[in-house]
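Chain and residue survey
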There are 2 protein chains.
Amino acid sequence: MVFWKRLFSNPSDSATSAPTSQFNGELLDVKGETDSQRRIFLSTERDIDLYELEELCDAVGWARRPLRKVKRALTYSFLVVSMWEVKGNRRRLVGFARATSDHAFNATVWDVVVHPSCQNKGLGKALIKYMIRQLRNEDISNITLFADPQVVDFYRRLGFVLDPEGIKGMFWYPD
Amino acid sequence: MVFWKRLFSNPSDSATSAPTSQFNGELLDVKGETDSQRRIFLSTERDIDLYELEELCDAVGWARRPLRKVKRALTYSFLVVSMWEVKGNRRRLVGFARATSDHAFNATVWDVVVHPSCQNKGLGKALIKYMIRQLRNEDISNITLFADPQVVDFYRRLGFVLDPEGIKGMFWYPD
């Protein structure tokens with residue numbers, strides 16, 4: 001897996017703390033972190049193992065989706081953000097989100113997930129803030145999403161507005 | 001303009017009804033149409049004159065947007081649908097809509113517009129139905145949009161569901 005190789009380009013590095021600096025991502029400062037060996041990174045690299053992503057989605061109880069289609073969705077998403085827990089020479093996918101976009105005006109955020117073992121530590125917040133920053137860097141000014149009822153307040157605290165000017169989210173599903 | 005050429009590959013055709021059959025789109029059966037010379041076509045061709053599109057958006061009072069960004073949005077939209085009024089050898093853009101997508105699961109419809117002179121004739125309905133059909137052909141099953149309050153009922157009649165299972169549309173804008 002290329003991602004893994006990139007993280008530890010030299011296997012002998014694995015026992016030191018150096019490898020994390022080679023990680024193509026952003027180191028997160030996690031408040032109240034007691035494990036000094038544990039690092040959390042955010043990345044826009046797309047080289048995500050589909051089985052590891054499926055495992056993460058399983059952990060939050062999402063319905064399984066064909067990996068062929070998941071792969072296609074990752075390829076054609078405008079932005080893919082992943083969150084990694086790095087401990088020594090091990091890394092684990094602990095968060096994920098992606099966004100579709102017209103590359104000009106709008107983006108829509110989909111599939112936001114944080115592993116249950118990492119929830120309530122501000123990591124979801126960091127994931128979305130990172131996403132907003134990436135989209136703003138691309139000059140996208142209208143960032144949208146469809147929030148399940150239990151996360152509406154979470155997104156509100158991050159600056160998302162519910163039904164602005166009465167604009168309503170609507171869905172069409174096949175019969 | 002390529003589109004125009006395609007429509008009338010031979011200028012001498014223009015006085016006959018033949019050219020419309022060369023149109024790379026779908027002829028619409030407009031109920032109660034009194035003008036026998038008038039034809040309405042739907043197309044997924046992307047070769048749309050940006051100034052003509054701007055004129056259409058002006059007609060419904062939308063705020064102007066940089067054409068450079070509009071061009072980019074058209075390029076990176078998954079689907080672009082245009083509606084054309086054809087009379088003899090003239091054609092006019094009378095409707096437009098586009099959708100972003102991950103090419104796998106979701107699509108989001110943006111910028112739906114029908115020229116005021118063509119409203120209340122079922123053309124908007126035909127436009128959206130055509131769009132749904134195109135997206136379904138691409139195996140997209142989750143078609144979403146953000147509806148202004150005055151068009152919520154319009155989309156509801158087309159099978160769109162408002163806030164299904166309490167899912168809420170949310171927007172983030174820059175400060």
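Scope of this entry: the structure provided in the associated data block. In this text the structure is predicted, and so the values were computed from the model without any measurement. (Residues numbered from 1 in each chain as written. Chains lettered and ligands numbered in written order. Predicted model: local features only at pLDDT ≥ 70, side-chain atom pairs only at ≥ 80, totals over all residues. Heavy atoms only, no water.)

Regarding the pairing of strand β5 (residues 106–114) of chain A
All names here are of chain A. So the rule is basically this: The buried label applies to any residue whose accessible area, calculated with a 1.4 Å probe on protein chains only, is under 20% of its type's maximum; exposed applies above 50%, and partly exposed to all values in between. Think of it this way: any DSSP run of H or I at least four residues long counts as a helix, any run of E at least two long counts as a strand, and we number them from the N terminus. Here, a strand pair is defined by DSSP locating no fewer than two bridges between the strands.
In terms of burial, β5 is a largely internal element, eight of the nine residues being buried. In this structure, strand β4 (residues 90–101) lies alongside β5, joined through six bridges in antiparallel fashion. Opposite Thr-100, over in β5, you have Thr-108 as the bridge partner. Turn length for the β4-β5 hairpin, with the two strands adjacent in sequence and antiparallel, is four residues, and the turn residue His-103 shows positive phi of about 65°.

A short note on the interface of chain A and chain B
You'll often see interface size given as the accessible area lost when the parts meet. Applied cut-off: Should any heavy atoms of two residues lie within 4.5 Å, those residues are counted as being in contact. Accessible surface is computed with a 1.4 Å probe, and the buried area is the amount of it that two parts give up when combined, taken over both parts together. Salt bridges are defined by distance alone: a side-chain nitrogen of Lys or Arg within 4 Å of a carboxyl oxygen of Asp or Glu. Pairs of N or O atoms within 3.5 Å make up the polar contacts considered here, provided that, within protein, one atom can donate a hydrogen while the other can accept it, and that residues adjacent in sequence are counted only when both atoms are side-chain atoms. Residues are sorted three ways: Asp, Glu, Lys and Arg are charged, Ala, Val, Leu, Ile, Met, Phe, Trp, Tyr, Cys and Pro are nonpolar, and all the rest, Gly among them, are polar.
Counting residues at the interface gives 49 residues for chain A, matched by 49 residues for chain B. The junction of chain A with chain B conceals about 4700 Å² of combined surface from both sides, 61% of it contributed by carbon and sulfur atoms. For the pair chain A and chain B, the interface holds four salt bridges. With its nearest N and O atoms 2.9 Å apart, the salt bridge here joins Arg98(A) to Asp102(B). Linking chain A to chain B there are 20 residue pairs in polar contact (both at pLDDT 80 or more). Within the residue set of the side of chain A that touches chain B, elements represented by two or more residues are α3 (67–76), β4, β5, α4 (123–137), β6 (142–147), α5 (152–157), β7 (161–162) and β8 (168–172) of chain A. Ranked by the residues each element gives to the side of chain A that touches chain B, the list is headed by β6(A), at six residues. A per-class count over the side of chain A that touches chain B returns 25 nonpolar, twelve polar and twelve charged. As paired elements, β7(A) and strand β8 (residues 168–172) of chain B share two bridges and run antiparallel to each other. Across the sheet, residue Leu162(A) finds its bridge partner in β8(B), namely Met170(B).

So, the relation of the copies chain A and chain B
To keep things clear, this is the line we draw: We superpose the copies by least squares over the C-alpha atoms of residues that have a pLDDT of at least 70 in both of them.
For the pair chain A and chain B, the best superposition has an RMSD of 0.0 Å and corresponds to a rotation of 180° with a translation of 0.0 Å parallel to the axis. On this basis, the relationship between the two copies can be described by a two-fold rotation axis. The rotation axis passes nearest to the C-alpha of Gly169(A) in chain A, at a distance of 2.2 Å. Here 100% of the interface residues in chain A have copies in chain B that are interface residues too; the copies meet face to matching face.

Here we look at the sheet that holds strand β6 (residues 142–147) of chain B
Either a parallel or an antiparallel arrangement is found when strands of a sheet pair, and the pairing is made through backbone hydrogen bonds. Ordered by their spatial adjacency, eight strands build an open sheet running β1(B)-β2(B)-β3(B)-β4(B)-β5(B)-β6(B)-β8(A)-β7(B), and the pairing between neighbours is mixed. Because the sheet does not close on itself, it has two edges, and the strands there are β1 (26–28) and β7 (161–162) of chain B. Note that β1(B) and strand β2 (residues 38–43) of chain B share three bridges and pair antiparallel. Within the sheet, the bridge partner assigned to Glu26(B) lies in β2(B) and is Leu42(B).

Quick notes on the packing of aromatic side chains
Formally: By convention, a stacked pair of Phe, Tyr or Trp rings (six-membered ring in the case of Trp) has centres within 6.5 Å and planes under 30 degrees apart, an edge-to-face pair has planes over 60 apart, and any other such pair is tilted.
Under the criterion given, the structure shown has eleven aromatic pairs over all chains. Aromatic pair Phe146(A) and Phe146(B): ring centres 4.5 Å apart, planes at 5°, arrangement stacked. Of this pair, Phe146(A) sits in strand β6 while Phe146(B) sits in strand β6, on two different chains. As far as the burial class goes, Phe146(A) and Phe146(B) line up, both buried. For the ring pair Trp110(B) and Phe146(B), a centre distance of 5.8 Å and an interplane angle of 35° mean the geometry is tilted. With Trp110(B) in strand β5 (residues 106–114) and Phe146(B) in strand β6, the pair connects residues that are 36 residues apart, well separated along the chain.

Let's talk about the sheet that holds strand β3 (residues 79–87) of chain A
Applicable threshold: Interaxial angle, 0 to 180 degrees, is taken between N-to-C directions of lines fitted to C-alpha atoms, where a helix line uses only the stretch in contact.
Overall, mixed pairing links the eight strands, which are arranged β1(A)-β2(A)-β3(A)-β4(A)-β5(A)-β6(A)-β8(B)-β7(A) in an open sheet. On the outer flanks of this sheet lie β1 (26–28) and β7 of chain A, each paired with one strand and no other. Across the sheet, α4(A) is in contact with β1, β2 (38–43), β3, β4, β5 and β6 of chain A together with β8 of chain B; its angle to β3(A) comes to roughly 140°.

Describing the pairing of β3(A)
Residue and element names in this part refer to chain A. With eight of its nine residues buried, β3 lies for the most part within the structure. Of the strand pairs in this sheet, β2 and β3 are connected by six bridges, and their pairing is antiparallel. Paired with Phe-41 across the strands is Trp-84, a residue of β3. Two elements, β3 and β4, share nine bridges in a ladder whose sense is antiparallel. Bridge pairing in β4 links Met-83 to Gly-95. Hairpin connection between β3 and β4: a loop of two residues separates the two successive antiparallel strands, and Gly-88 in this loop has a positive phi of roughly 55°.

Regarding the pattern of salt bridges
The final tally for this structure, using the stated rule, is 24 salt bridges over all chains. One salt bridge in this structure joins Asp139(B) and Lys69(A), with 3.3 Å as the shortest N-O distance. Here Asp139(B) is found in the loop between α4 (123–137) and β6, whereas its partner Lys69(A) is found in helix α3 on a different chain. On the basis of relative accessibility, which here comes to 41%, the residue Asp139(B) falls in the partly exposed class. The partner of Glu52(B) in a salt bridge is Arg91(B), with the nearest N and O atoms 3.5 Å apart.

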